[in-house]
Number of protein chains: 2
Amino acid sequence: MLKIQFQSLSTRNIGVLFAKDRTFRLGSTNSTLRNSHTESNQFSKLKNTLLYGCLALGGVVAGFSLYEHKYKLLNVNLSGSQKINNSITELNGDKPIWHTIRRSDLPTYNVEEIQVHCSVDKRVWVTYGIGVYDITEFIAEHPGGENIMLGAGSAIDPFWAIYQQHNNKEILTLLELYRIGNLSPEDKVSTEDMGSPWAHEPRRHPLLNPTSERPFNAEPPMKLLGENFFTPNEFFYVRNHLPVPLIDANKFELEVSIETTESGMKEQSKSLTLADIKRMPKYTVTAAVMCGGNRRSEMTRVKSVKGLSWNAGAVGNATWSGARLRDVLLAMGVVPNENLHVVLEGADLDPTSHPYGASIPLSKAMDERGDVILAYEMNGKVLSRDHGYPLRCIVPGTVGSRNVKWLSRIAVSENESNSHWQQNDYKGFSPSTDWDTVDFSKSPAIQAMPVTSAICSPVDGDALIIKDDGYLTVHGYAWSGGGRRIVRVDLTIDQGKTWHVAELQQEDHPDGRHYGWSLWTVRIPIENTTSSEVEIWAKAVDSAYNVQPENFENIWNLRGVLANAYHRIRVKLI
Amino acid sequence: MLKIQFQSLSTRNIGVLFAKDRTFRLGSTNSTLRNSHTESNQFSKLKNTLLYGCLALGGVVAGFSLYEHKYKLLNVNLSGSQKINNSITELNGDKPIWHTIRRSDLPTYNVEEIQVHCSVDKRVWVTYGIGVYDITEFIAEHPGGENIMLGAGSAIDPFWAIYQQHNNKEILTLLELYRIGNLSPEDKVSTEDMGSPWAHEPRRHPLLNPTSERPFNAEPPMKLLGENFFTPNEFFYVRNHLPVPLIDANKFELEVSIETTESGMKEQSKSLTLADIKRMPKYTVTAAVMCGGNRRSEMTRVKSVKGLSWNAGAVGNATWSGARLRDVLLAMGVVPNENLHVVLEGADLDPTSHPYGASIPLSKAMDERGDVILAYEMNGKVLSRDHGYPLRCIVPGTVGSRNVKWLSRIAVSENESNSHWQQNDYKGFSPSTDWDTVDFSKSPAIQAMPVTSAICSPVDGDALIIKDDGYLTVHGYAWSGGGRRIVRVDLTIDQGKTWHVAELQQEDHPDGRHYGWSLWTVRIPIENTTSSEVEIWAKAVDSAYNVQPENFENIWNLRGVLANAYHRIRVKLI
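Residues numbered from 1 in each chain as written. Chains lettered and ligands numbered in written order. Predicted model: local features only at pLDDT ≥ 70, side-chain atom pairs only at ≥ 80, totals over all residues. Heavy atoms only, no water.

Per an unreviewed UniProt entry, chain A carries the name sulfite oxidase and comes from Ceratitis capitata. Recorded in UniProt for chain A, the comment headed Subunit (unreviewed entry) runs: "Homodimer." The record held by UniProt for chain A lists under Subcellular location (unreviewed entry) the comment "Mitochondrion intermembrane space". (UniProt positions renumbered as here; feature names shortened; annotations may be inferred.)

Trainee: Tell me about the overall build of chain A, residues and numbers included.
Mentor: Within chain A, the secondary structure is distributed over ten helices and 30 strands. Per-residue burial over chain A gives 59% buried out of 574 residues. Once local pairs closer than 6 in sequence are excluded, the contacts in chain A between residues at least 24 apart make up 71%. About 22,800 Å² of surface is accessible on chain A, with carbon and sulfur atoms providing 48% of the total. (Helix = DSSP H or I, 4+ residues; strand = E, 2+ residues; numbered from the N terminus. Buried < 20%, exposed > 50% of the residue type's maximum accessible area, 1.4 Å probe, protein only. Contact = heavy atoms within 4.5 Å. Areas by Shrake-Rupley, 256 points an atom, 1.4 Å probe, with all protein chains shown as cover.)

Trainee: Got a sec to walk through the domain arrangement of chain A? Specific residues and values, please.
Mentor: Residues and elements named next belong to chain A. One can read the domain layout of chain A as domain 1 (98-187), domain 2 (209-424) and domain 3 (451-573). Spacing between the C-alpha centres of domain 1 and domain 2 amounts to 34 Å. In this assembly, nine residues from domain 1 lie in contact with ten residues from domain 2. Interface area, domain 1 with domain 2, both sides summed: about 830 Å², of which 66% is carbon and sulfur. Applying the counting criterion to the domain 1 and domain 2 interface returns zero salt bridges. Counting across the domain 1 and domain 2 interface gives zero residue pairs in polar contact (both at pLDDT 80 or more). Here the side of domain 1 that touches domain 2 is built from residues that sort into six nonpolar, three polar and no charged. (Domains from an automatic or database assignment. Buried area = accessible area lost by both parts, 1.4 Å probe. Salt bridge = Lys/Arg side-chain N within 4 Å of Asp/Glu carboxyl O. Polar contact = N/O pair within 3.5 Å; in protein donor to acceptor, adjacent residues only side chain to side chain. Nonpolar A, V, L, I, M, F, W, Y, C, P; charged D, E, K, R; others polar.)

Trainee: Break down the sheet that holds strand β11 (residues 238-239) of chain A for me, citing the residues and quoting the values.
Mentor: Residue and element names in this part refer to chain A. Strand order in the open sheet made by the three strands is β9-β10-β11, with antiparallel pairing throughout. The open sheet is flanked by β9 (209-212) and β11, the only strands paired with a single partner. In this structure, β9 lies alongside strand β10 (residues 217-219), joined through three bridges in antiparallel fashion. Bridging across to β10, N209 finds its partner in E219. (Pairing = 2+ DSSP bridges.)

Trainee: Which residues make up the pattern of salt bridges, and what values do they have?
Mentor: The tally for this structure, following the rule as stated, stands at 53 salt bridges over all chains. Note that R295(B) is salt-bridged to E298(B), the shortest N-O span being 2.9 Å. Each of the two residues, R295(B) as well as E298(B), counts as buried. In this structure, the salt-bridge partner of D425(B) is R559(B), at a minimum N-O distance of 2.5 Å. One end of the pair, D425(B), is in the loop between α10 (420-423) and β22 (452-457); the other, R559(B), is in the loop between β29 (533-542) and β30 (567-573), and 134 residues separate them in sequence. A single burial state applies to D425(B) and to R559(B), both of which are buried. Sharing partners across several salt bridges, the network here consists of R103(A), D105(A), E176(A) and R179(A).

Trainee: Pulling in residues and values, what's your account of the relation of the copies chain B and chain A?
Mentor: Superposing chain B onto chain A takes a rotation of 180° plus a shift of 0.0 Å along the axis, which leaves an RMSD of 0.1 Å. What we have between these two chains is a two-fold relation. Relative to the rotation axis, the C-alpha of P549(B) is the closest in chain B, positioned 2.3 Å from it. Taken as a fraction of all interface residues of chain B, those also at the interface in chain A reach 100%, which identifies the copy contact as same-surface. (Least-squares fit on C-alpha atoms with pLDDT ≥ 70 in both.)

Trainee: Any chance you could break down the interface of chain B and chain A for me, citing the residues and the numbers?
Mentor: Across the contact, 43 residues belong to chain B and 43 residues belong to chain A. On inspection of chain B and its partner chain A, the count reaches four salt bridges. Inspection of the region where chain B meets chain A yields 20 residue pairs in polar contact (both at pLDDT 80 or more). Listing elements by their share of the side of chain B that touches chain A, those giving two or more residues are β25 (486-492) and β29 of chain B. Residue contributions to the side of chain B that touches chain A peak at three residues, all from β25(B). When grouped by side-chain class, the residues that make up the side of chain B that touches chain A number 18 nonpolar, 13 polar and twelve charged.

Trainee: An account of the nonpolar core is needed here, citing residue identities and associated values.
Mentor: If you look at the biggest cluster of nonpolar residues, it comprises 91 residues, and the most contacted ones within it are L254(A), L329(A) and Y477(A). Top contributing element to this core by residue count: helix α4 (residues 169-177) of chain A, with five residues. With near-sequence residues (within four places) excluded, L254(A) lies in contact with K270(A), S271(A), L272(A), I277(A), L374(A), L391(A), L407(A), S408(A), R409(A) and I410(A). The next biggest cluster of nonpolar side chains, apart from the first, holds 75 residues, and it includes L272(B), L344(B), W421(B) and W435(B). (Core = buried A, V, L, I, M, F, W, Y, C linked by side-chain atoms within 4.5 Å.)

Trainee: Run through the state of the cysteines, naming residues and quoting values.
Mentor: Throughout the structure, instances matching the rule amount to zero disulfides over all chains. A disulfide-free cysteine, C393(A) has its sulfur positioned 17 Å from the sulfur of C291(A), the nearest such atom. (Disulfide = S-S within 2.5 Å.)

Trainee: Break down the side chain of R392(A) for me, citing the residues and quoting the values.
Mentor: Residues and elements named next belong to chain A. Turning to its location among the elements, R392 is positioned in strand β20 (residues 392-394). Notably, R392 is buried but unbridged: the nearest opposite-charge side chain belongs to D386, and the N-O separation is 9.6 Å. Of note is the side chain of R392, whose polar atom sits 2.9 Å from the backbone oxygen of N403. Beyond its immediate chain neighbours, meaning those up to four positions away, R392 contacts V289, W320, I373, L374, A375, L383, H387, G400, N403, V404, K405 and L407. (Lys, Arg positive; Asp, Glu negative; His and termini not counted.)

Trainee: How would you summarise the environment of Y471(B) if you had to cite specific residues and measurements?
Mentor: All names here are of chain B. With respect to the element layout, Y471 can be found in strand β24 (residues 471-479). Taking the C-alpha atoms as reference points, Y471 and T300, separated by 171 residues in sequence, lie 32 Å from one another. Setting aside its immediate chain neighbours within four residues, Y471 contacts R523, I524, P525 and I526.

Trainee: Explain the pairing of strand β29 (residues 533-542) of chain A to me, and be specific about the residues and the numbers.
Mentor: Residues and elements named next belong to chain A. Summarising burial for β29: eight of the ten residues are buried, a large majority. Two strands pair when backbone bridges link them, and strand β25 (residues 486-492) and β29 are joined in this way by six bridges, in the antiparallel orientation. Opposite D490, over in β29, you have K539 as the bridge partner. Note: β29 against strand β30 (residues 567-573), six bridges, orientation antiparallel. Paired with W537 across the strands is R568, a residue of β30.

Trainee: For the packing of aromatic side chains, give the residues involved together with the corresponding values.
Mentor: Residue and element names in this part refer to chain A. Under the counting rule described, the total for this entry stands at 26 aromatic pairs over all chains. Ring centres of F236 and W320 lie 5.7 Å apart, and the angle between their planes is 85°; this geometry places the pair in the edge-to-face category. Residue F236 is located in the loop between α5 (222-225) and β11, and its partner W320 is located in strand β15 (residues 315-324); the two are separated by 84 residues in the primary sequence. For the residue pair F236 and W320, the accessibility class agrees, reading buried in each case. (Phe/Tyr/Trp six-rings, centres within 6.5 Å; stacked < 30°, edge-to-face > 60°.)

Trainee: Describe unusual backbone geometry, and please don't skip the residues or the numbers.
Mentor: Following Y389(A), the chain continues to P390(A) via a peptide bond in cis, the omega torsion being 10°. For the peptide bond that leads from S457(B) to P458(B), omega is 0°, which places it in the cis range. As for its position among the elements, P458(B) is in the loop between β22 and β23 (463-464). With a phi close to 60°, L562(A) is a non-glycine residue in the positive phi region.

This is the structure we're talking about:
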């Protein structure tokens, strides 16, 4: 009898796989794969085909979830030929190590035999460790979309060395379900031989709290964050999607292309050195940069989501200096056009040498008040490697992921970036959209961010000694995207019966567009508070009088982005 | 014994005035009036001075409210010399008629004696009907601010003929408290002699539901509103602040001035005829125009507010054609400047010949994507008189009150319009700000509007015959200010447990800025609904991913503007 059971510690959606006295047949051969006009639809349709195709087969129906997504009703038909001999006890710490173990019940394949299985027609095989896997049926379910095909017919070890979110119990367990063989010993992939892409990571300040080490993502403690209008560079949150590239600024070149003939423009391409860019008029803008997933950890309390568990510190405010993107584009004859995009690519590469990418509307890039710059300085200092040295695109008022670091290529294009991060990430959805129903092509990529605020001091759980004056002093930040000013921050300690208007201590321009954040402070009378614990709520209002939503329940989304509900903390009064 | 008791039918805040066996001394002579640097602060400080000054006096403290505002703690000291002989039974219908009755206990004054009392120093007297009133102590409490001084030393009858909200029981009762005398018979003001400013009002479509007749304000029925992407001109909501002016288009002149030398501009002024404006390049924009008080009636359910009780129909969507304001200003040498404003004045005048006025930031007027136009056509037809004939400023994405009708003057200025509507109206405040603590100078005038939506069909209270298909079809509109597109509308009939994403049926541009509204429709499955009544909630999300707040409680404000919480209706299923 075989019994595999796993439960997630961190999510509610991880179900239970329960299969007894059967072996696994990995993949149904009678499911058909349909083509679709759009790439993004292809996989959602394929998924439906698979799901309903599989349901038609006999066998055990095992419902389980993965990646915090409702990955249900995968049909696993157990046959004698593909028995898993390993048990859940074969672990390295908490992680299964099946992929490191040769299975005597399965055949052995060499690289040549494996590499022909690189398309859905020929079945898609991959290797990991010494395991060989037929993942054809899983393609449609891959939360990372079609990226899974990058490993088709070869080893996925180099990808998983980068995308380390795969290295967990649930995914390794799932992978083993697709096992069909062993890699011949002479073909074993050694990730050590590949040279670690993480060998050149910069040193970070020890006060930054990592939400992930590889790629490096970290935020400063809230109290520190709230202390400075301009966030010190060394405490500024870091959001890396890939290893930090090593760039020689003397050899650096930025490629700028026009890839359209719209509005009479001429297709062309040119390269700019850092010196070229520094010779252009230098602009300095104050802009907060905020991760689309800032405050995700609060949204996760409603229901788990996919993504790094950020507190409210995935934001910082700085001055950024450099050339205006508008000036670069005007010099090449670019004219405003509402339908075009500027594609931005970084020098940070995934294992297939595809760069990090994003795009913004051309209208933002060309807007005199858009203040998009090619920044080489942050708070008056040379950009650090973690923040994009030698060149970063700063897109004020726009989600952090479009502020592309290690900028290496700019293209005026009729299409948005086709990168994973533009197409299948950083988008908002209805609370009822799940991983079975999501269609990323239906939702616009996040650009300008909504209004938000957070309390920096005190922090949740603090025990406060109440002084004689009978006031509780609270301070924090507030910000809205699109250049909208913060016009008011309200706080309450009685669930909204009484609101106290905060004083806006510091903001950037007194008039016009406001890309920087605002710091605020408020003194709340607590002399009439009989409770020894109070819950403090903060909500901000921007110059379009948009206000934060009250709760996370009704803005919850499967990617855990746009988490801008009221900030609520509890403190003890002593 | 004198007993005056009044209760509001429409508000919670109207308190009870209860005074027995006393007479009223109107005004304390030892209260001092302080000057302040800002006009708008002056009255709030004066009010505090009065309130605390009055509290120091002996006498009966009567707490009551007025105009749905917390008008409390006015100290009324009763003395034998100013006894009100009239009782609450002296009514014309529901209205007191004391101001039409000569009081034998009070002296008689003629116009010459009254007109010297035209400043706080000399006490402020006014007449209404044949009553003479010393309103010095009330000035600070006047919800309409310093406008009250327009009548100082003279009759207020002509003002109240325009601002008809004064003609109600509470205000007439309050006024009588300030009575000090009778107007001599030969000086009686006849409002009939003045000629009615309402004599030239246009005819309106009978389907428009008035929220007030004078000035005329009306909205279409919701079902009709939701039926057309372009709202038919005759059903387009009307928001007039004053009588509709009679304008001869052949003699019409628009005055355009530059009143600043900022950025090297030259002070100048010129006049444009309608023909001049029509000779300029003609632009057509699609733009929804929405009153700042749209949906106020829903906010009022939390707590009463001051203002017209709009349903969700104080909005319409149209094409507007005319010259670009940007072109007019560029031709006069205006250059972009973040700190300047464009003051807009209408030809609609108050009794002192002051026009309706508003202003917008110069940056909006100069923005190529701002699409501000001087419109002479609405949906391809000549503007109707109710919508601003012959010329209206259309400021897309901006609250209706800045879309000045009967446009007669434009000025580039260092200051915002000093009109009541720009300075002391159409601003948002914290829910805890009341009429005692409000400081209008602290809050920015509403410009771009926040995201909102409303269900047009069914309407609240409808009884729906459920068809066999088991779906409830709901449709409505959604809109956000600032050119932000509507990206999603979610509906729920189970208090947010399940959200249904509406189909966006129609919007304006496929890309770029979106000043028009979006119409949406959704089919909600109700086969599992056991209840015979369902509550439907709608919430929209705009392209900055701002979302409507859930409830009105935490966005309530004393003016009842920006009422953009979820739209909720209840319907019966039969």
